[in-house]
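Structure at a glance
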Amino acid sequence: MRKPVLEVRGAHKRFGAVHALKGIDLMAFRGEVLALLGDNGAGKSTLIKCVSGVHGLDEGDILIDGEKVLIRTPAAARSAGIETVYQDLALFDNLTPAENFYCGRELSFPSWLPRGARFLATRQMDGEAAAVIDRLKVKLPRFDAQVALMSGGQRQAIAVARAAVFARKVVILDEPTAALGLRESRKVLNLIAQLRDEGNAVILITHNMEHVLELADCAVVLRQGYKVGEIEKPNRSNQQDLVAMIVGAE
Amino acid sequence: MAAEVQMEEGQVDAKFRGGSPYAPKGAEKEHAAGLSVALKFLSAGPVIILIVLLVILTFSVPNFFTPRNISNILAQIAVIAVVALGQHLVILTRGIDLSVGANLALATVLGALMFRVTDNAFVVMGTMLLAAAAVGAVNGLVYVYGRLPHPFIITLATLSIARGLALELSIGHTTMRGMPDTITAIGGGTSFAVQNSFFVVLAVAALVSVMARYMVWGRWIYAVGGQPDAARRMGIPVNQVIVSTYLISGLCCGVGAILLSGRTEAGSPLYGNLLELDTIAAVIIGGASFLGGRGHLGHALVGAVMIGVIRNALNLLNVNLYFQLIAIGVIIVMAVESDVLRNHLESRMRVKQAGTQG
């Protein structure tokens, strides 16, 4: 029996009168891509925001490697090994790629000082970030330029690469190709495959059925806060079922 | 799968080349290089303009480039420069501190009052620094924890409160004469034929830029200014960072108060009038962005020097004071427009990057 690295059990989330998640169960496995599908307002984003610590769950549990963890802040999620690539990327335009990578968890010294008062280990951060960029085969025009000067695809690649630096267990990507052209989407998809091959559990939110068929080992469909279906190894033959589940037609 | 990917990429490429609406690649690259030169010029712009200005004034204004006048300018800009450094940190986090002038005035008044009790220079200086830092802390704390939509409002309120307090505490005096010798030496004395206040500005600038450039806290200031939401999601203590910038801005007002009261050997509730405008102008003219997160502290210094030089030259030329205000205003508009232009060029650059990348 395979053991899931991330498991969500009976997740409920309410925003005032809106019941956004109504008892969702989810399992993600190392080295696999889980596609999270559903129409707008189905609860996909709410679910991943709960897992990545932006919101807290009202009911239900999150388990990492079978152990219950309390995730109330983004920092808690990250220290549990969950990295998130947000839809808006959460990049800092005024910083370089390396500065973006380490923002909020800068390498610094000396360690006996409080974190804010320490000095930046700039060379070390630059070196390690460059190594990751290289490993992921991301092409950037200039490594020391501000992110503001880079194209949509390059920015997306930087955000994915940042997750890759720190991800130890789970990487969540919220519509990573939504704003990209064909070529740039292709590069991001390759990156996702690489994250998976490095042993992470990848959770991919997307509206693009082609990407689901290409990458997903398992597809979970949400509708109006319920989990309405789950298909192992989605392919051309059961694509119709997936679409039917998403839109709610039988 | 790899083969499939390859093929798809090939097809895509072929499609793009086939009905290519794009210029040939060489031209694209040249264009991008032109943009990058333009961007570099914009970022170096303030320094270039300052140098050109200095050269022109040296040749066209009599008595401009004399040791006496240079030292005069340095004395005049010291206060603006120190306070602009603090203002710059605040502007880096997308904020604004309107209270600096009133804060400085209140500090000099409290310092002068303390001088009536004791002539210990360190106690008097401590009073000024502490008072100014306290006003800065109130700005930051009320803005962040009072959940105000914009720091404009709270710093406008403390501007009014501090000015009122300063007038009230000075009990009808517009100048309160007398400062300890150490303070007059710092504010008005010279060492090696250079104003002491110049060294104070250098020291403060060095301290602040080490913090901004080499320390984690400084990186966080830039991150908060660049993208506050993202900073929060990345686990940066955004609230503390913002409060700290207002606190430091207040401290800089305290240093400015020491310099000014030292130079004039007095405290006054009327000091620092319109200092908020001068310092904001200095930061913006120097080339920092009002949109936050852009610009290094040299910008604030360059801007302060530029304002001081322009004022001084117009004085030497006997130009009407009103015209000075107009001139500074026009320069601010130009500086802000160049910021807009820079943003525009950057977005063009992004498009070009997407086009040229293979």
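Conventions we followed
- Residues numbered from 1 in each chain as written.
- Chains lettered and ligands numbered in written order.
- Predicted model: local features only at pLDDT ≥ 70, side-chain atom pairs only at ≥ 80, totals over all residues.
- Helix = DSSP H or I, 4+ residues; strand = E, 2+ residues; numbered from the N terminus.
- Rg over C-alpha atoms; globule rule 2.2 N^0.38 Å.
- Buried ≥ 20, exposed ≤ 12 C-beta atoms within 10 Å, placed from the backbone.
- Contact = placed C-beta atoms within 7 Å.
- Pairing = 2+ DSSP bridges.
- Axes fitted to C-alpha atoms, helices over the stretch in contact; angles between N-to-C directions.
- Nonpolar A, V, L, I, M, F, W, Y, C, P; charged D, E, K, R; others polar.
- pLDDT = per-residue confidence, 0-100.

A word on the overall build of chain A. When its secondary structure is counted, chain A shows eight helices and twelve strands. The C-alpha atoms of chain A give 18 Å as radius of gyration, which agrees with the globular expectation for 250 residues (18 Å, within 12%). In chain A, which comprises 250 residues, the proportion classed as buried is 48%. Partitioning the contacts of chain A with sequence separation of at least 6, the portion at a separation of at least 24 is 66%.

This part covers the sheet that holds strand 5 (residues 67-69) of chain A. Residues and elements named next belong to chain A. Strand order in the open sheet made by the four strands is 2-1-4-5, with antiparallel pairing throughout. Of all the strands in the sheet, the pair left with one neighbour each is strand 2 (18-28) and strand 5. Geometrically, the sheet is characterised by an average inter-axis angle of 30 degrees between neighbouring strands, direction not taken into account. Sheet topology note: the strand 1 (residues 6-15)/strand 4 (residues 59-64) ladder contains five bridges and is antiparallel. Across the sheet, Arg 9 pairs through a bridge with Asp 61, a residue of strand 4. Contacts from helix 1 (residues 44-51) reach strand 1, strand 2 and strand 4 within the one sheet, and its direction differs from that of strand 1 by about 115 degrees.

Take the interface of chain A and chain B next. Facing 34 residues of chain A, the contacting portion of chain B comprises 26 residues. Elements with a contribution of two residues or more to the side of chain A that touches chain B: helix 2 (74-79), strand 8 (119-120), helix 5 (152-166) and helix 6 (182-197) of chain A. Its residues assigned to classes, the side of chain A that touches chain B shows 17 nonpolar, eight polar and nine charged.

Residue and element names in this part refer to chain B. For chain B, per-residue confidence averages 82 on the pLDDT scale, and 89% of positions sit at 70 or higher. Looking over chain B, one finds the lowest element-wise mean pLDDT in helix 1 (residues 2-18), namely 39, and the highest in helix 11 (residues 238-264), namely 93. Low pLDDT, under 50, characterises residues 1-25; the stretch is placed with eight contacts to residues that sit more than four places away or in other chains. Predicted as a complex, the structure gets a pTM of 0.84 and an ipTM equal to 0.84.

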